[in-house]
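Geometric and topological summary
In case you want the letters, here they are:
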Amino acid sequence: MEKNSRPNWDNPMQFIMACVSYAVGLGNVWRFPYLCQMHGGGGFLIPYLIMLVLEGVPLFYMELAIGQKMRLGSIGAWAAISPYLGGVGFASVVTSLYLCLYYNIINAWSFWYLFHSFQPVLPWAVCPVNSNLTGPLEECERATPTQYFFYRETLNISPSIDEKGSIHTGQALCLLLAWVMVYLFVVRGVKSTGKVVYFTATFPYLVLLVYLIRGVTLHGAINGLKYMFTPKMEHLANPITWINAATQIFFSLGLGFGSLIAFASYNEYNNNFERQAIVVSAINSGTSIFASIVTFAIYGFKATINYESCLERMRLLMLNGFDLAEDTINIEDVLDWMVKLNSTYPDKFAGLADRVETCSLENELNTAVEGTGLAFIVYSEAIKNMPLSQFWSVLYFFMLLLLGMGSMLGNITAIITPLRDFKVISRNMSNEVFNGLVCLFLFLLGLSFSTPPGNYWFTMFNDYAANFSLLFVVLIEIITVSYIYGIKRFEKDIEDMLGHRPNWFWKIMWAVVSPLLLISLFLFYIINYIQGGTATYQAWDKEQGKSVVREYPVYGQVFIGLLLVSSVSCVPITALHAWYKKRAHGKRNRQRTINTVSL
Amino acid sequence: MLGKTLFLLCLASALSEPLCLKDTSDGYKVRISIKTALGDEAYEWNENEMFLFRATLAFAMRRYFNREDFNVSSILVCDETPRVSFWFVVVSPQNASQLIDKADVENAIRMSRHRINSAFLLTDSTLEFIGIPPTYAAPVNPATPPWLIVFGVVMGAVCAGIIGLLVSTVLKKKGLTEDENDEEEAQDKAVENGIACEDLDGVYNRAFPDDERLTKM
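Residues numbered from 1 in each chain as written. Chains lettered and ligands numbered in written order. Predicted model: local features only at pLDDT ≥ 70, side-chain atom pairs only at ≥ 80, totals over all residues. Heavy atoms only, no water.

Some remarks on the overall build of chain A
In plain terms, the rule: Labels follow the DSSP assignment, with helices taken as runs of H or I lasting at least four residues and strands as runs of E lasting at least two, numbered in each case from the N terminus. Values of the radius of gyration come from C-alpha atoms, whereas the globule rule sets the reference at 2.2 Å times the count of residues to the power 0.38. Think of it in three bands: residues with accessible area under 20% of the maximum for their type are buried, residues over 50% are exposed, and the middle band is partly exposed, with areas taken using a 1.4 Å probe on protein chains only. Note on areas: these come from Shrake-Rupley sampling with a 1.4 Å probe, and a residue is covered only by the protein chains present in the view.
Scanning chain A from terminus to terminus reveals 25 helices and two strands. Its C-alpha atoms give chain A a radius of gyration of 27 Å, near enough to 25 Å, the size a compact globule of 599 residues would have. Over its C-alpha atoms, taken along the principal directions, chain A stretches across nearly 115 × 50 × 45 Å. When each of the 599 residues of chain A is scored for burial, the buried share is 57%. By element, 65% of the accessible surface of chain A is carried by carbon and sulfur atoms, the whole surface being about 24500 Å².

Written out as structure tokens, the structure reads:
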């Protein structure tokens, strides 16, 4: 009957596109290049690829297998595997809920920047003038125009997390648009999602290719590329490098959220997910490397531009300070001249000392930035210097939007699919109404991120909401599958679906290597968290025009604790509930038999 | 006539030594960056250009005070450097030893800044009067910010898409229920073994292991 049959992807290609669209997200564009830079450039690829093989692909394979076999979302699938561990599914849903809440804010910012690119002069290219028209605004003068646009005009950020304020209407509108768009893509469930993912999976590659061509032809791009590709092998000796590689693979593939299980549950029973798992993981890692080439080309361009403008400022300073003719100092000789003038007129030079800056290309390249800072500040700064900057800006933010939307589809499906498996919901509410309610609920909660301190709450969610609980969830998952469910039973299920058993490589990974890796990651996180002291965040100080480090207030730290506990505790709570129910059920059975006997 | 003017000029220049000084409190320093502004088309800074400068400043003073008595001789220049920077003061045309107030000079320059810049093909940043900040153009504030227009377009398209999808779903459902009603009327009820078709849900117990490869007898 149509009501009870599960919807399916139209063809396996849709499933692959959906997985690629979900896995290839903003993290590939901004976190991987940052890690490459932090951990020795090209050398980082070694731990990255090793971790991909040891941890990424086996876990990806496992989640797809579970989803395709059980044909249920994460809650139902884990409850079916072991009633005591149904909580794993709940933990996944809670974590996905948090993720959806804050991830769509990034899409809202992408919309904001995209819409503001349709102007003759990009608003982040120049500082706005102050009220008496005598000069640029002070805050903008102390910082840079791109930082000012992001922190003041986009976020209207408060100096610390304690301030209260009203919602930024522009932000709220963009967030509304983001949620309405998500609803449009999921309104019919997998039938509508399946069509959209063709576009969200492929178009970003087109943009990246165009950007690659533009990027490597930019002035100074070669500096960035050289910086990235000279491997600094000494970083390999640092355990942090390996841990970051493992964590990056883990989060980049989107394991543990339940999205992969949800997507796979709409597959045909005999779909060859083994090949698809390898293909998608390879595409995801390949995209990270590709995106980091583009990022480093652009990075090199921006660093070179900044370096050259620093040299130009110093040249003018020397010319004006010592009243030399304009063509005495060229931009290539600036540094030599500075040394010469310092030695010949030390007093006069000392008088200018407060305005003298050290211009260093190395320093510019070394300033590693990740996350929203990279995407919205550094990239927009690079874009404003390109010729035809409006076009490049539109293209870039459109790509960011597609990447973000593609991942959102996976995140929202991870919530909708397991909840729809509950008969209570699927009988009483149609697909459209239920999806609409979920989107509306998340939108209303997400509005709190558009208040002045909203960006600090966003950072809190970004840093704490998903990382720890995911590690916990995936660790429980792999141990459940390998030891509680049993590798033998799992093997048989796979044989049932694919027609052949998984070979020894997979079995060793699932049973030994991946659990060990995950346990060590998990322990490392706990140790790091405890040793790290009070949690801190970067606050924007408008007086100084830069970010300062502040500690979270007490209620902030309590909230962090709540975030961590709320998802993790689902597992023990559900286990206890299941155990209690079984005991009560057992007692009732025994009572009935006693009654019949005594009659 | 010529002799008299020459004599006056010499007198003026002789008396102006103490009036125009470096770091004077009644004058301004000017810094000109021709090569930065014009690159290959830069002209040489020489006495003629200086004459033009003095004439332009005199023009600015005339325009500000709305008098026609300021002359090139009213503008005194000193401390020229190879940078092309110099100090200047403005003396009153009536009394050659009296300097025009700094504030008046500033206002005059501000009023005619654009004309002064154009005379030299320079801009506010390449023809600098140290101490007189350039006036910025007032920001253009359109009635509807352009981003809102693009937002409206996109939001409209997305909403139209949603409404379209919802309407087509509703129509499809109505079409189906009408067909089902027709079928039921034709066949009475669809029943299997006394149980209606919808209630034939079995639940497949997936946790129950399938047959072992080697069954134990």
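On we go.
Here we look at the overall build of chain B
When helices and strands are tallied, chain B shows six helices and six strands. Along chain B, helices and strands appear, N-terminal first, in the series α-β-α-α-β-β-α-α-β-α-β-β. The burial tally for chain B puts 28% of its 217 residues in the buried class. Accessible area of chain B: about 14500 Å², with a carbon and sulfur share of 57%.

What to know about the interface of chain B and chain A
This is how the line gets drawn: Whether two residues are in contact is decided by their heavy atoms, any of which lying within 4.5 Å being enough. The buried area of a pairing is the accessible area, by a 1.4 Å probe, that goes missing from both parts when the two are put together, added over both. What makes a salt bridge here is a side-chain nitrogen of Lys or Arg within 4 Å of a carboxyl oxygen of Asp or Glu, nothing more. Here a polar contact is recorded for every N or O atom pair within 3.5 Å, except that within protein the pair must consist of a potential hydrogen donor and a potential acceptor, and residues adjacent in sequence are included only if both atoms are side-chain atoms. Residues were grouped as follows: Ala, Val, Leu, Ile, Met, Phe, Trp, Tyr, Cys and Pro as nonpolar; Asp, Glu, Lys and Arg as charged; and all remaining residues, including Gly, as polar.
The partner chain A presents 42 residues to the 44 residues of chain B that form the contact. Surface buried jointly by chain B and chain A totals about 3700 Å² across both partners, of which 63% is contributed by carbon and sulfur atoms. Inspection of the chain B/chain A interface yields one salt bridge. For the salt bridge of B:Lys29 with A:Asp323, the shortest nitrogen-to-oxygen distance reads 3.8 Å. The interface formed by chain B and chain A contains five residue pairs in polar contact (both at pLDDT 80 or more). Take the side of chain B that touches chain A: its biggest share by element is 17 residues, from helix H6 (residues 146-187) of chain B. Here the side of chain B that touches chain A is composed, by residue class, of 24 nonpolar, eight polar and twelve charged.

Here's the deal with the pairing of strand E2 (residues 75-81) of chain B
Residues and elements named next belong to chain B. Operational definition: Between any two strands, pairing holds if DSSP finds at least two bridges.
The sheet contact formed by E2 and strand E3 (residues 85-90) spans five bridges and is antiparallel. Residue pairing in the sheet places Ile75 in a bridge with Val90 of E3. In this antiparallel pair of consecutive strands, E2 and E3, the connection spans three residues, and Val84 shows a positive phi of 70°.

Regarding the sheet that holds strand E4 (residues 127-130) of chain B
Residue and element names in this part refer to chain B. What counts, and what does not: For every element, the axis is a line fit to its C-alpha atoms; helices are fit only across the contacting stretch, and the angle between N-to-C directions ranges from 0 to 180 degrees.
Taken in spatial order, the four strands make up an open sheet running E2-E3-E1-E4, and their pairing is antiparallel. With one partner strand each, in any of the chains shown, E2 and E4 form the two edges of the open sheet. The mean inter-strand angle of the sheet, taken between neighbouring strand axes irrespective of direction, is 25°. Alignment of strand E1 (residues 28-32) against E4, held across four bridges, turns out to be antiparallel. The residue bridging Arg31 from the neighbouring strand is Glu128, located in E4.

Points about the packing of aromatic side chains
Residues and elements named next belong to chain B. As a reminder, the rule being used: Centres within 6.5 Å are what make two rings of Phe, Tyr or Trp a pair, Trp counting through its six-membered ring; a difference in plane orientation under 30 degrees is then read as stacked, over 60 as edge-to-face, and the rest as tilted.
One pass over the full model with this rule turns up 65 aromatic pairs over all chains. Considering the side-chain rings of Tyr28 and Phe88, the 6.5 Å spacing of their centres and the 35° angle between planes classify their relative orientation as tilted. Separated by 60 residues along the polypeptide, Tyr28 in strand E1 and Phe88 in strand E3 bring together distant segments of the chain. We note that Tyr28, like Phe88, is buried. With 6.4 Å between their ring centres and 25° between their planes, Phe53 and Phe129 make a pair best called stacked.

Examining the packing of helix H3 (residues 45-70) of chain A against helix H11 (residues 239-252) of chain A
Helix packing for two helices is described by the angle between their axes and how far apart those axes are. Residue and element names in this part refer to chain A. Where we set the bar: Here roughly perpendicular refers to angles of 65 to 115 degrees, roughly parallel to angles under 35, roughly antiparallel to angles over 145, and oblique to all remaining angles. By definition, any crossing whose near helix is turned counterclockwise from its far helix by less than a right angle is left-handed, and any crossing with a clockwise turn is right-handed.
For the pair H3 and H11, interaxial distance at closest approach is 9 Å and the crossing angle is 40°. Here H3 is positioned oblique relative to H11, judged by the angle of their axes. Handedness of the H3/H11 crossing: right-handed. The residues of H11 that touch H3, namely those facing Pro47, Tyr48, Ile50, Met51, Leu52, Glu55, Gly56 and Leu59, are Thr241, Trp242, Ala245, Ala246, Gln248, Ile249 and Phe250.

Observations regarding the nonpolar core
How we decide: The nonpolar core is taken to be a set of buried Ala, Val, Leu, Ile, Met, Phe, Trp, Tyr and Cys residues, with the residues joined through side-chain atoms within 4.5 Å.
In this structure, A:Ile66, A:Trp179 and A:Tyr211 are the most contacted members of the largest nonpolar core, which totals 190 residues. For this core, the element with the most residues is helix H5 (residues 87-116) of chain A, which contributes 18 residues. Not counting residues within four places of it along the chain, the set of residues in contact with A:Tyr211 comprises A:Val294, A:Ile298, A:Ile383, A:Met386, A:Trp392, A:Ser393, A:Leu395 and A:Tyr396. Judged by nonpolar contacts, the second largest core, of 28 residues, contains B:Ile32, B:Ala60, B:Phe70 and B:Phe129.

Things to note about the UniProt feature "binding site: Na(+)" (unreviewed entry) in chain A
All names here are of chain A. We count it as follows: UniProt positions are given in the numbering used here, feature names are shortened, and annotations may be inferred rather than shown by experiment.
Using the residue numbers shown here, the UniProt feature "binding site: Na(+)" (unreviewed entry) corresponds to Ala23, Val24, Asn28, Ser252, Asn284, Leu403 and Ser407. These annotated residues cover 385 residues of sequence, and their C-alpha atoms lie no more than 12.5 Å from one another, placing them together at a single site. For Ala23, the contacting residues outside a window of four places in its chain are Asn28, Ser252, Leu253 and Asn284. Summarising the element assignment, Ser252 is placed in helix H11. Look at Ser252 and you get buried, because its relative accessible area is 9%.

Describing the pairing of E1(B)
Residue and element names in this part refer to chain B. Judged by how many residues are buried, E1 sits mostly within the fold: five of five residues are covered. Pairing of E1 with E3, which is carried by four bridges, proceeds in the antiparallel orientation. Residue Val30 lies in a different strand from E3, and its bridge partner there is Phe86.

Here's the deal with a nonpolar patch on the surface
Residues and elements named next belong to chain A. Note the cut-off: Exposure above 30% relative accessible area and the absence of a salt bridge qualify a residue for a patch, where like charges join within 9 Å and nonpolar side chains (Val, Leu, Ile, Met, Phe, Trp, Tyr) within 5 Å.
Residues Ile479, Tyr483, Ile484, Trp504, Ile508, Val512 and Leu516 make up a contiguous nonpolar surface patch of about 740 Å² in total accessible area. Inspection of the secondary structure puts Ile479 in helix H22 (residues 467-498). Relative accessible area serves as the criterion here: at 32%, Ile479 is assigned to the partly exposed category.

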